[in-house]
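Letter by letter, the chains look like this.
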Amino acid sequence: MDWWLACFFLGAIFSLFSPIVPDIFVLFSLIFISITFFYYSSRINPSFKPFRLSSGLLFGASWMLFHAVNFQQLWQKNNLDALALSSTTQWVQGDILTLHSPLRELPDPSSKKLSPENRIRFNINVTHINNNQLTNALKLRLSWNNATLSLQQGQIVSLQVKFKPAHGLANLGSFSYQTWLNSKQISATGYVVNNKDNRVLIDEVSVRQQSFSSYQQLLPKHDLSPLLLALGFGSRTELSQALWQVLQATGTGHLIAISGLHIGLVATGIFFLFMFLMKNLPLRFFVNSHKIQRINSRYLAIALSMVAALSYGYLAGFSLPTVRALVMLSLYWCSRLLGIKVSIKRWLLLTLFMITLTTPFSLFTASFWLSVYAVIIIFITLWRFKSLLSSGNKLWLFIKGLVVIQLSLTLFLMPISAIFFQQISLVALLANIIAVPWMSVIVIPLCLLSVLVMLISPELSQVVIFICLESIMLLWHYLTYLSNVSWAIIRLSSFDVSLIVLFGILSVFLIFFQATIKLPSKAMSITLMCAIFFLLMLKVSDKSDDGLNNWQLVVFDVGQGLSILVKRDDNAILYDTGAAYKSGFNMVDAVILPYLQYSGITQLDKVIISHSDNDHAGGLAILKQSIAIKELIYNVDSESGNAHKNSHCIQGREFYWQKVKFEFLWPDSLVGDNNDDSCVLLISDKNNRVLLTGDISRKVERKLVEQYPQLQAEVLVVPHHGSKTSSSDAFISHVNPKLAIVSAGYLNRWRMPVTEVVERYQSNNIEMLNSATSGQIVLDLSEKGITQYTYHEDLWPFWFANSL
């Protein structure tokens, strides 16, 4: 059974590597084959294990992909055209799923004045669109600027919204918003349109929302108060950036995410408290005490333990980490109630099996792998160091157990943290060895006690809240000190991540399984050194000059904007920065800096800004604060930063960089305010030419054709995102590119690239790539020609990271 469960889980994992979700016919065929294999191995030839294990693999893969198909076909099941609906505003009706703080002041619906406090973001379970009831509800994630209703979880509302199918920016090294949306099974994202007819239809607020609102009113105005909302209700939206920075730098973010630690504390606390009371209270004073005595007290303790854990899970919104913890707890208590002896290995496999059955999409979240890996590491550590952790008095055993387990977790969770977050915390051990027991023994119990006492006496709850905040403050001073250490966080490139993962894998075998597999430590050490040497040689070979003069052009997926990186080895030039928005979101932090870190680039040789529009230059100020820039080329006056020098883009100027030639073809005067002032740049080597055009119109295109009769390029970045004002027939024919690249936002309001422009390129037999659908585009240019890669087809071609 253990091997079948393991194969089921592995099948679910292997299904994630499929680039597409297969047709339903293929999935039914897989299930039929798996049933056949299982029947054959069970009834006809029980000794033939390969068929039984294969059935587990196929069942696991089919289960995951069936959920993907079901999610993918939600629009079709409701007979809806998602693309057509996205073109205009729609009226939706549904229930609010997200906890919210009550708005302090509701503005006039007709007012256009934006209030930051009235900007909310929420999930809604949509049951009606334009008064038509849906067969299957759709989950939407919406934002609302200048909200005129105080939305609360449980309310049923009617709102005018503008939405489009779920989509996220797709770039290497960046957070995959698309994967996150898929894991939450969110079908569309958008915003609420302010309308006087937006209203609450049924104002029935959930018990969780009522408790949250009541508790929030009791909290003092304190910088650490949001931590209590996170610990008590799983709401982390109130956490400030400063709080997040401390948690991330110290590797203690897991302590405020309600998961196994928190659920386990509640369950064990209630269990042992009840057993203590049953043992020490004089039951003869209770009515019907003889009936109580007939019942096995452990059964009652387990029942109360599960009720308490489920109640806490409800307050936490049954988030994925909470559900995982509840599944593990339920399996454990069930085995105790039924008197079934279950090994730790089978318990873990059953847990993974149940999690895959109940929440299959959790398998492509970082929290799933961190929690599962952490549990495995804890049990392996207890097994490997059993003799060390079984001698001494209770206090000494506790200290040894805490140090050994935290050391193991810190060391062996590094590879997983490196893969998902591209950084590791060097102070995590120092932080967690104090924070885990402090939070477990003092802070979490006090926080939950304050929530419980609130039902009896709000005044007493405030006293407990005060004590809890004081205890957090003591810990927070220590964590803040650690987070301010200059070496607290190490940010990693993709090569660094590979080294850490390799080192982690070999270390696990060396420390935990060396005795089992009976390999001498010398052999393991040599294997480790050889593997690291092999990776280092690969890194050196990538940087070596192979005579082909390889260089790369990276077109980032920055939505409706432009940002392009010209790269050779660890050297780079950036053309435009993408946009920055009033909300604080910007493409430099979201896309460019993560990719530079991923590529191991620590400075930019040059930054060229085409013109001053926000979608091209909006992130410049943030970029200058974040990374060293040797030279800024910009036709608008800009303050120097990071000691870089300033120069201008002017027709006739050229320079060589890494054996690649850069020629400025436009503008002919030092201006950079308008689209037609865009810096037009021709990048070339002996064999390849790339033309970057900014937002020029037909007027400038005509001048370029006249002034540069020999102007041609294999690659053309389409002017003005494919606007109808650009890409004239004469310009396209003159440049005669083989590949045209459009940088545009997904289903943007201007519908760029417009149909007539696309048809012009198609009529000239020119291949066109659009970052909105392809994601990040990478071109390798060498003497052999140009090789193209796109995020969705080549760089990260997995169904869970793409639009379903």
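The following paragraphs examine the structure supplied in this document. Per chain, the residues get numbers from 1 upward, laid out in the order the sequence is written. Local features are withheld for residues below a pLDDT of 70 in this predicted model, meaning they are given only at 70 or higher, and side-chain atom pairs are given and counted only at 80 or more; totals for whole chains, interfaces and linings count all residues. Excluding hydrogens and water, the side-chain values take into account all heavy atoms of the structure.

**Points about the overall build of the protein**
Helix and strand assignments follow DSSP, with helices taken as H or I runs no shorter than four residues and strands as E runs no shorter than two, numbered in order from the N terminus. Along its length, the protein carries 30 helices and 23 strands. Two things to know: the radius of gyration comes from C-alpha atoms, and the globule rule equals 2.2 Å times the number of residues to the power 0.38. Here the C-alpha radius of gyration of the protein, 30 Å, is about what a compact globule of 804 residues would show, namely 28 Å. Considered along the principal axes of its C-alpha atoms, the protein spans approximately 105 × 75 × 60 Å. For every residue, the accessible area obtained with a 1.4 Å probe (protein chains only) is divided by the maximum for its type, and the residue is called buried under 20%, exposed over 50%, and partly exposed between those limits. A total of 804 residues make up the protein; the buried ones form 51% of that total. Once local pairs closer than 6 in sequence are excluded, the contacts in the protein between residues at least 24 apart make up 70%. Charge assignment in this entry is limited to Lys and Arg as positive and Asp and Glu as negative, and neither His nor the chain termini are counted. Lys charges are placed at NZ, Arg charges at CZ, Asp charges at CG and Glu charges at CD. Here the protein contributes 60 positively and 48 negatively charged side chains, and the mean placements of these two sets differ by 16 Å. When checking whether two residues touch, look at their non-hydrogen atoms; a contact exists if any pair is within 4.5 Å.

**What about the state of the cysteines?**
We call a pair of cysteine sulfur atoms a disulfide when they lie within 2.5 Å. By the definition in use, this model includes one disulfide. In this structure C447 is a free cysteine whose sulfur lies 5.2 Å from that of C468, the closest cysteine sulfur available. Note on C447: relative accessible area 0%, which makes it buried. On the accessibility criterion, C468 (0% relative accessible area) is buried.

**With respect to the packing of helix α16 (residues 394-412) against helix α18 (residues 428-454)**
Whenever a helix is involved, its axis is fitted only over the stretch in contact; in every case the axis is a line through C-alpha atoms, and angles between N-to-C directions fall within 0 to 180 degrees. Interaxial distance between α16 and α18 falls to 10 Å at its minimum, and their mutual angle equals 135 degrees. Classed by the angle they form, the pair α16 and α18 counts as oblique. For the element pair α16 and α18, the recorded crossing hand is right-handed. Residues F398, L402, V403, Q406, L407 and T410 of α16 pack against A428, L429, N432, I433, V436 and P437 of α18. Throughout, the term roughly parallel applies to angles under 35 degrees, roughly antiparallel to angles over 145, roughly perpendicular to angles from 65 to 115, and oblique to all others. In a left-handed crossing the near helix is turned counterclockwise from the far helix by less than a right angle, and in a right-handed crossing that turn is clockwise.

**Observations regarding the pairing of strand β10 (residues 564-568)**
Among the five residues of β10, five are classified as buried, and the element is accordingly described as predominantly covered. As paired elements, strand β9 (residues 551-555) and β10 share four bridges and run antiparallel to each other. Of the residues in β10, the one forming a bridge with Q552 is K567. Think of it this way: DSSP has to see at least two bridges between two strands before they count as a pair. By the bridge criterion, five bridges tie β10 to strand β11 (residues 571-575) in an arrangement that is antiparallel. Bridge pairing links R568 to N571 in β11.

**What to know about the sheet that holds strand β19 (residues 715-717)**
In any sheet, the strands associate via hydrogen bonds between backbone groups, in a parallel or an antiparallel arrangement. If you trace the seven strands from one edge of the open sheet to the other, you get β15-β16-β17-β18-β19-β20-β21, paired in mixed fashion. In this open sheet, the two strands that pair with only one neighbour each are β15 (654-657) and β21 (767-770). Strand-to-strand, the axes of this sheet are offset by a mean angle of 20 degrees, without reference to chain direction. Bridge count for strand β18 (residues 689-692) against β19 is three bridges, and the pairing is parallel. Across the sheet, the residue bridging to L691 is L716, located in β19. Against the sheet, helix α26 (residues 698-707) contacts β16 (660-666) and β17 (680-684), and its axis sits at roughly 120 degrees relative to β16.

**Here we look at unusual backbone geometry**
In the segment running from W666 into P667, the intervening peptide bond is cis, with an omega of 10 degrees. Its location among the elements puts P667 in the loop between β16 and β17. A cis geometry characterises the amide bond from M752 onward to P753, with omega recorded as 0 degrees. As for its position among the elements, P753 is in the loop between β20 (739-742) and α28 (755-763). For F318, which is not glycine, the phi torsion reads 45 degrees and is therefore positive. By the element assignment, F318 lies in the loop between α12 (297-315) and α13 (320-338).

**Focus on the packing of helix α10 (residues 260-280) against α13**
Two measures define how a pair of helices packs: the angle their axes make with one another and the distance between the axes. It is the contact of α10 with α13, at a shortest axis distance of 8 Å, that shows an interaxial angle of 40 degrees. Seen from above, α10 lies across α13 with right-handed handedness. Across the interface between the two elements, G260, I263, A267 and F271 from α10 touch T322, A325, L326, L329 and W333 from α13. Of the residues that constitute the contact of α10 with α13, the class distribution is seven nonpolar, two polar and no charged. Note that Gly is not counted as nonpolar here; it falls among the polar residues with everything else outside the nonpolar set of Ala, Val, Leu, Ile, Met, Phe, Trp, Tyr, Cys and Pro and the charged set of Asp, Glu, Lys and Arg.

**Considering the environment of G600**
Within the fold, G600 resides in the loop between α23 (587-599) and β12 (603-608). Considered as a pair, G600 and D569 are 31 residues apart in the sequence and their alpha carbons are 9.0 Å apart. Sequence-distant contacts of G600, that is, excluding residues within four places in its chain, are made with S493 and D570.

**Some thoughts on the nonpolar core**
The nonpolar core is taken to be a set of buried Ala, Val, Leu, Ile, Met, Phe, Trp, Tyr and Cys residues, with the residues joined through side-chain atoms within 4.5 Å. The biggest cluster of nonpolar side chains holds 61 residues, and the ones touching the most others in it are Y215, L228, I263 and W476. Looking at this core, the elements with two or more residues in it are α7 (207-218), α8 (225-233), α9 (241-250), α10, α12, α13, α18 and α19 (458-483). V21, V69, V92 and L134 belong to the second-largest nonpolar core, a separate cluster that totals 50 residues.

**A look at the packing of aromatic side chains**
In this analysis, rings of Phe, Tyr and Trp, with Trp reduced to its six-membered ring, are considered paired at centre separations within 6.5 Å, and the interplanar angle assigns stacked below 30 degrees, edge-to-face beyond 60, and tilted for intermediate values. All chains considered together, the criterion is met by 34 aromatic pairs. Here the aromatic rings of W347 and F379 are separated by 5.7 Å at their centres, their planes lie at 90 degrees, and the arrangement is edge-to-face. Taken as a pair, W347 in helix α14 (residues 344-358) and F379 in helix α15 (residues 366-384) lie far apart in primary sequence, 32 residues in all. These aromatic residues form a ring-pair network of at least three members: F17, F71, F361, F364, W796, F798, W799 and F800. A cation over a ring is seen here: R384 above F385, with NZ or CZ 5.7 Å from the ring centre. Note on geometry: a ring has a charge over it if NZ (lysine) or CZ (arginine) is within 6 Å of the ring centre and within 35 degrees of the ring normal.

**Digging into helix α3 (residues 49-72)**
Expected helix span is computed as 1.5 Å times (number of residues minus one). Here α3 is 24 residues long and its end C-alpha atoms lie 35 Å apart, about the 34 Å a rise of 1.5 Å per residue gives. The complete set of buried residues in α3 reads S55, G56, L58, G60, A61, S62, M64, L65, F66, A68, V69 and F71. Summarising the contacts, the buried residues of α3 are in contact with α1 (2-15), α2 (24-44), α4 (74-77) and α6 (177-183).

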